[in-house]
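The primary structure of each chain is shown beneath.
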Amino acid sequence: MYIIKKNDILNLAKELAKDHTMYGPVVEDSTGQAFFDRVDNIDDIDMAAPIPTLPPKHVLFPHMETIMQYRYDADQKKAEITGVFDESRKALFGLRPCDLEGILCMDRFFLGQEFVDDWYREHRSRMFIVTNTCIAPFKQCFCVCTDSGPDAKEGYDINLTDIGQYYLVETGSKKGEDLAKAMNLDKAAEEHSREKTVRVEKSITLFEDIAVENKAWISRVMNRVTTGFIDEAVWEFIGDQCFECGACTYVCPSCTCFNVVDINRKDGESLRLRTWDSCSYEGYSRMAGGHNPRKPVEDRRNKRFFCKLSYSQSKKYLRPGCVGCGRCAWVCPGDIGLPNVVTYIRREISK
Amino acid sequence: MNIQKIVTIPEIATIDEIKEEIQDVKTFYLSFDNKEVDKTFKFKSGQFIMCTVFGSGEFAVSLPPSPEDDRFHITVKTVGKVTGALHSLQAGDKLGVRGPFGNGFPFEDIKGKNVVYVAGGIGLIPLRSSIVNVLQHREDFGRIILMYGSRSPDDLMYSYNLEEWQNIDGFETFITVDNPTPDWKGHTGIITTLFDKMELPVDDTVAFVCGPPIMFNAVIKEMMDRGISDEHIISTLERHMKCGVGKCQHCGIGRTLVCTDGPVYTYRQIKTLGEQI
Amino acid sequence: MDYKPGICTFCGTGCGHFLKVSQSGVDGVFPSRNHPVSRGRLCVRGWNIHELLSTTDRNTTPMVKKSGTFQPVTYEEAITEAVNSLKKFLPGETAFLASPRSSNEENYLFMKMARSVFGTNNISTDTESGHRNSLDVLNEGTGFPGMTGSIGDIQKSEVLLVAGMDITRQNPIIGSELHMASMNGATLVTLDSRTTQIARLSDTFYRINPGSMKVLFNALASAMVANNLYDKSFVEKNTENYNEFIESIQAVDIESGAKKSGLTVEELTRLAELLTKSKSAMSFFTSGISGLDRDTIGSIYNVFLLAGKIGKEGCGVNPIAGINNLQGSFDTGCAPDLLTGFQSLADQKVRTKFESAWQQALPADGGFDFDTMMKNGSVKALVVTDHDDGIIKYRDSLDSVEYIVYIGAFRNDFQDYAHVVLPITSYIETDGTYTNTERRVQLSSKKMDGDANVMPGWKLLQTIANKAGANWNYTSPSDVMNEISQLTPTYSGITYDRLSTSFGLQWPCNTSKPDGTIRYSLESAPRKPLFVKISMDTDIPSVTDKFPYLLMMGKAQHYWHQNNLMHKTHIPLREYNATLLLYPDGYVEIHPDDAKKLGVRDRWSVRVVSAGGDMEIMAKVSDEVAPGRAYIPYFIRDMITAFLSKHIDAVEKGEDATIPVRIEKV
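Residue numbering note: each chain is counted from 1, following its sequence as written. Whichever chain is written first becomes A and whichever ligand is written first becomes 1, with later ones labelled in order. With pLDDT at 70 or above as the cut-off, local features in this predicted model cover only qualifying residues; side-chain atom pairs require 80 or more to be listed or tallied, and sums for whole chains, interfaces and linings still use all residues.

Another point: the overall build of chain A. Comment: elements are numbered from the N terminus, with helices defined as DSSP H or I runs of at least four residues and strands as E runs of at least two. A count of helical and extended segments in chain A gives 13 helices and 12 strands. In terms of overall dimensions, chain A is globule-like: its C-alpha atoms have a radius of gyration of 22 Å, near the 20 Å expected for 351 residues. Based on the C-alpha atoms only, the size of chain A along its principal axes is roughly 70 × 65 × 40 Å. In chain A, which comprises 351 residues, the proportion classed as buried is 52%. In chain A, of all internal contacts separated by at least 6 residues, the share reaching a separation of at least 24 is 71%. Radius of gyration here is computed from C-alpha atoms only, and the compact-globule reference equals 2.2 Å multiplied by the residue count raised to the power 0.38. Three classes are used. A residue is buried when 20 or more other C-beta atoms lie within 10 Å of its own, exposed when 12 or fewer do, and partly exposed in between, with C-beta atoms placed from the backbone. Here, residues touch in the contact sense if the C-beta positions derived from the backbone fall within 7 Å of one another.

Take helix α3 (residues 104-117) of chain C next. All names here are of chain C. In this model, α3 (14 residues) spans 19 Å end to end at C-alpha, consistent with the 20 Å of a helix rising 1.5 Å per residue. Among the 14 residues in α3, 14 count as buried, and that is most of the element. Following α3 by one or two positions, G119 adopts a phi angle in the positive range, close to 65°. Helix span is expected to be 1.5 Å times the residue number reduced by one.

Another point: the environment of S129 of chain C. Residue and element names in this part refer to chain C. Here S129 lies in the loop between β7 (123-124) and α4 (131-142). Here S129 falls in the buried class, since 20 other C-beta atoms lie within 10 Å of it. Note: C-alpha distance between S129 and D293 (164 residues apart in sequence) is 7.2 Å.

Residue and element names in this part refer to chain A. In this scheme, strands are said to pair when DSSP sees at least two bridges between them. A sheet is described by the order of its strands in space; here 8 strands give the open sequence β3-β2-β6-β7-β8-β9-β1-β10, paired in mixed fashion. In the strand order of this sheet, the two ends are held by β3 (34-38) and β10 (186-187), each with one partner. Bridge count between strand β2 (residues 21-27) and strand β6 (residues 90-95): 3 bridges; the pairing is parallel. Within the sheet, the bridge partner assigned to M22 lies in β6 and is A91. Here an axis means a line fitted to C-alpha atoms, over the contact stretch when the element is a helix, while the angle between two N-to-C directions is reported on a 0 to 180 degree scale. Here helix α6 (residues 190-210) sits on the sheet in contact with β1 (2-5), β8 (158-162) and β9 (166-171), set at roughly 100° to β9.

The subject of this paragraph is the packing of α3 of chain C against helix α17 (residues 457-467) of chain C. Residue and element names in this part refer to chain C. Relative orientation of the contacting elements α3 and α17 amounts to 10°, with a least axis distance of 9 Å. Between α3 and α17, the interaxial angle falls into the category roughly parallel. Along the contact surface, α3 presents E105, E106, L109, F110, M113 and V117, while α17 presents G457, W458, L461, Q462, I464 and A465. Only Asp, Glu, Lys and Arg are considered charged, only Ala, Val, Leu, Ile, Met, Phe, Trp, Tyr, Cys and Pro nonpolar, and every remaining residue, Gly among them, polar. Residues belonging to the contact of α3 with α17 are distributed by class as follows: 8 nonpolar, 2 polar and 2 charged. Each angle gets one of four labels, with under 35 degrees taken as roughly parallel, over 145 as roughly antiparallel, 65 to 115 as roughly perpendicular, and the rest as oblique.

Worth remembering: the numbers are spatial, not functional.
Spelled out as structure tokens, the structure:
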């Protein structure tokens, strides 16, 4: 463990910036909205920015990316295919623990299971992750319900905690250690590590007063969601309020469904694109020929929450699918983000 | 070099020959351009590939050839944009192939048993792979039975195979059509009527069923009423697929992903997937 | 940062968003959390707008038709050819068809060019049967030609009334506002002939008889007067012609009106009570093509004026524009009888102001809108911007137009009819302002460079005008807006500087209201609101033995005029197709009881027969329509069959239109 003076924290980022494309928390000037986006100027990074509205998954799994290009000459009967991979080095600086949990879910999903997703692997394998402990929650947070915060436990290269005049710098990997050594950071003392514990505990107590928008007693509901013992009427009630916009899946740090399309450019080259897709859409499960096994909107809502909360999905992620970031609640036009849905289900169970 | 699976970037294959089957259905005989791949590409019956039609897109298609000694081909009905584009291609055109994916039909595990195939319409296509493979090892299996029904004689798939199968000793074939033409000499009636025309083996028997949902449910009922248990009824499920490797999640049904856990499931598994098929 | 703030340009809601712009173009979108209208939400179209913006289906070169095929040429050649050809036609036989999707700057220059360069007042957007009706009614009533309330007021309103609009599908985020308000205690009431999503989310839903909206509201007004359930003091203090109105409305028979619309007298009275006794109430109805007709809009407006629910916070009569700049297109004078800001062409003072600013006399002859001209066969030359070929009702008569110039960024089947095609950049490749349904003028600033060989719209129009003899020298869209604001009292305080440091400004924005105007308010109104004169006839569509079903028409999910833009996306197109592909021959919705009677099931073919013609179409069995009714979403290209073109007046009557038909199994 090391420490670094609060005012010098961005020096860490500047060091990384020498050979990484940097992404960090920034507040957009004209609208005041917090993002986790690429920064050209390290001084734009705002460590005190609130939880970013857009989860950093877009760095590893962009909204739209080209995964392949090919050219087919129908006259010559010749085909050429090239995979398109992003081999650049990227650093995420100042990631919130819930978003790190989201990335770990994506890791286990894209890199574990039967096949490895080569595009995700290329984005991810050279990535440097610096997390920032939340010393206070935001209004929408409920990571304490989903065991994904307020401090990161694993998966980071460096974990920062604001302990007053300093940041505590914990290293979680060899890369992290190397960076700390390269920057000649001072070693942390017992009191620094203790201060972190104090701050994290304080953060948890602050949830009561600050994180008032969302609470989700997930454990009670996971059982029902897994076994499917939830009244149809509840799903219909939820489905009626769904505007089928796809927002919840797009902002979720652990949602990874995608669509693949081939588009033809005017110069004869075709690109294969991968774009975010959403199980909220009717066309998501529709087969060519017309059969659609998940046509009613309430079935799609059911499926989404099964994906987030059931035991079988959790096995894939090695944790519940929900990371308690609260984004699905503020993007939903119908007001049926995960916390509300959990509440509706709980209400039905207790009746 | 042993090529296991082509996962990410498709391998280029040539359409060697195209055969018109029934209305809107064609068979495309393929071979890989890369001779190494062509020699070592191995698959199990019941598996599928992701086929790229250049300029149009990619779609999932089951592999009807037997894994042994059978000309590599795919049989495709035109149902949408990509399959439509496929049908406009000619011999000599190229396709992209990724695969083989999926769990495949049981083969070793069912040796010694009676094997019953029940197919409806184009449902015969994915089953063909297992039928041919099992027939290639006739002596390792008990009774082998095919029950096949279509709307009309013009909708019977693989008519050339059916002809040769009807003449194989030890392969009991029962074929029916819903709507006969004047020159149809075979059985008439929906496929469930065939059950009364034969002695269905029940013990040590495994049944493969593939066809449209209504037919599927009716056939399963007939079999279970006669005593075949739900874990000995096997089917292959279809779903909208984009990646074929368990990532895009379009093919999910409840707890399972059809492209990696399936597409072959027992009826017992289908009942407990967690969602309607 | 890669994500840059902007506004969505699909529907009239005007949601804020961020676009991810990188080397390869636009490859991502994200909602704007602090935007006052969208507040962090987007709909399926908005979430996939990057697919549209990255399409390769764009016009990339000027083209001239030579011997029947398009040849790529330079702008110089194309514009010279266009201008020389157009000059061969008389102003009276030339029509200018502006687009409700173009920016204010483009529409203003288009309009200015039509009037000051080509000498004609034949300028329109072909939305006369829709939004224009709403604006006319509001203008006659309040002198305020725009939505009287504000989207932000929805959360402050006690009663929200949706009149015949499938609002969660047409303007989803406004539908979301209504839903959220209802979850927070507001009373949401829907009146519609179909069970739409907003109907299911409402506290009270009345499935009324098709075509009876006006009868219902007139009967409602009569009931309000009869039972003294109206805001008497408000009406006497704030309106001029209430005596006249009350006298005429008292002649409306309440019981018969209620019966015709399908409500009981108690239900009508309860509605009257709800509207009057609440502190605030707002009404919402659709505007734009297939909106309600003028008299129906007027009847809704009169009820709300009677209830004292206009001109205060949480109150208002709110026509909802379905297209991003529909309101703006009227604000910039794209109508034969209007100049900017709804200033009348007939007003001499206004004419003088424009003539002096433009240094050019305005054409003396009155103009006509495109629809009227096409019906008369009087269009010989046409200049059109960004229109779907879904002006399908005219497809057959387009052959009679001798010369067509098409201007647009995205490829469109309409342009195949043209003789000259002039490409422009897309909206993110240039600056432009767009006015949403609540009068909010928002600036969409340039996000990336377009094709170097393609001109932005404002520049193209200037080039054409100057080639035709004008002397324009705008250096940017901002220059154009400055001119608009000088000539338009409601826009006088609007500049690009002010727009770029805000989430837009709602007009009127002038020296007395420098930060814009949230709502029409009685205090600052130049005159007292009036009740509008409308027909009190009580005819409703009826069935006969021969034609026992009432066929209703309207929009549905993912529309606009055959959805040319949808066809350039992937996911919204897939969603649009999810229904379409199931019913490749189009569909007509019928109730399960009727399906049983007819002996048909879902996706079976039926024949729909009317006095004008017949068509074969697939049946969609749904309990969203009542028995004895059928519903057809007319906008889908495939559904504009010969059948509907014979019922063109019904189609124009819009949302409330019905055709008596017979349905038979095929």
